[in-house]
Amino acid sequence: MNKTVASILVLLLGGVFTSYAQTKADSLAIRQAALDYIESQHKPDSAQMARCLHPRLVKRTFWKYPRQSKEYLRESHADEMVLLAASYNVKGDKFLATPRKEVVLLDVSSNTASVKLYADDWIDYMHLAKLNNEWKIVNVLWQFNDVKRHQ
């Protein structure tokens, strides 16, 4: 292979690989979406929650009725989460004075990301999508740290 062909291949392949690289701006935007999600519940702030969610978000967890042994998936949707953010902590008694909000980026691609959010009493696994140059949460799977609370 001559040098010209090799150089062209390197440039073409290099362009393919770098076009999917994680940028600092993407990492910051993904982290901010996860923080908006949890901080909107701390304040409360429904506009902040709406800003980070895709309208078709689905949030799921396992649940069990106390008198039955069968577990099932319990679902919430974006509109319910926006309403929750407006009312969940209005008395300021749902979180510690300095609540835990640790965001771990598990995987980031050009338009998708997986995040783990550690909050005081629970863990959220989130999937985000980059649509129209904005990162939005599209899926959340969560559980309490104490699984006995899932009833």
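Owing to the predicted nature of the structure, the values given are computational and were not obtained by experimental measurement. (Residues numbered from 1 in each chain as written. Predicted model: local features only at pLDDT ≥ 70, side-chain atom pairs only at ≥ 80, totals over all residues. Heavy atoms only, no water.)

J.: Could you give me a rundown of the overall build of the protein chain, with the residues and numbers involved?
T.: The secondary structure content of the protein chain amounts to 4 helices and 6 strands. The secondary structure elements of the protein chain, listed N-terminal to C-terminal, are α-α-α-β-β-α-β-β-β-β. In the protein chain, 49% of the contacts between residues at least 6 apart in sequence involve partners at least 24 apart. (Helix = DSSP H or I, 4+ residues; strand = E, 2+ residues; numbered from the N terminus. Contact = heavy atoms within 4.5 Å.)

J.: Account for the confidence of the model for the protein chain, with residues named and values stated.
T.: Looking at the protein chain as a whole, its pLDDT mean stands at 89, while 86% of the residues score no less than 70. The low-confidence segment residues 5–19 (pLDDT under 50) makes 4 contacts with residues lying over four places distant or belonging to another chain. (pLDDT = per-residue confidence, 0-100.)

J.: Describe in detail the environment of K91, supporting the description with residues and values.
T.: Within the element layout of this structure, K91 appears in the loop between α4 (78–87) and β3 (101–108). Sequence separation of K91 and K43 is 48 residues, and the distance between their C-alpha atoms is 9.8 Å.

J.: Can you explain helix α2 (residues 24–42)? Please cite residues and give values.
T.: In this model, α2 (19 residues) spans 26 Å end to end at C-alpha, consistent with the 27 Å of a helix rising 1.5 Å per residue. Considering bend angle alone, the principal kink of α2 is centred on D36 and spans about 25 degrees. (Expected span 1.5 Å × (residues − 1). Bend = angle between axes of the 7 residues up to and from the residue.)

J.: Explain the packing of aromatic side chains residue by residue, including any values.
T.: A full pass over the atoms with the stated rule returns 4 aromatic pairs. Between the aromatic rings of Y65 and Y72, the centroid separation amounts to 5.5 Å while the plane-to-plane angle is 20 degrees, which identifies the pairing as stacked. Residue classification places Y65 among the partly exposed residues on the basis of a relative accessible area of 48%. In this structure Y72 comes out as partly exposed when scored by relative accessible area, which is 30%. On the numbers, 4.8 Å between centres and 80 degrees between planes, the contact of W142 with F144 is edge-to-face. Under the relative-accessibility criterion, F144 is labelled buried at 10%. Its end group placed over the ring of W63, R74 keeps NZ or CZ at 4.2 Å from the ring centre. Across from the ring centre of F144, 4.0 Å away, lies the NZ or CZ of R149, which sits over that ring. (Phe/Tyr/Trp six-rings, centres within 6.5 Å; stacked < 30°, edge-to-face > 60°. Buried < 20%, exposed > 50% of the residue type's maximum accessible area, 1.4 Å probe, protein only. Lys NZ or Arg CZ within 6 Å of the ring centre and 35° of its normal.)

J.: Explain the environment of P55 to me, and be specific about the residues and the numbers.
T.: Relative to the helices and strands, P55 resides in strand β1 (residues 53–64). Each C-alpha atom, one on P55 and one on A78, is 5.6 Å from the other, the two residues being 23 residues apart in sequence.

J.: Before we move on, can you summarise the sheet that holds β3 with the specific residues and values?
T.: The 6 strands lie next to each other as β2-β1-β6-β5-β4-β3, forming an open sheet whose pairing is mixed. In the strand order of this sheet, the two ends are held by β2 (71–77) and β3, each with one partner. For this sheet, the mean angle separating the axes of adjacent strands, direction not counted, is 20 degrees. When β1 meets strand β6 (residues 134–144), the two strands line up parallel, connected through 4 bridges. Counted as the bridge partner of V58 is N139 from β6. Sitting on the sheet, α2 touches β1, β3, β4 (112–119), β5 (122–131) and β6, and the angle it makes with β3 is about 145 degrees. In this fold α4 packs onto β1 and β2, with an angle of close to 80 degrees to the strand it touches most, β1. (Pairing = 2+ DSSP bridges. Axes fitted to C-alpha atoms, helices over the stretch in contact; angles between N-to-C directions.)

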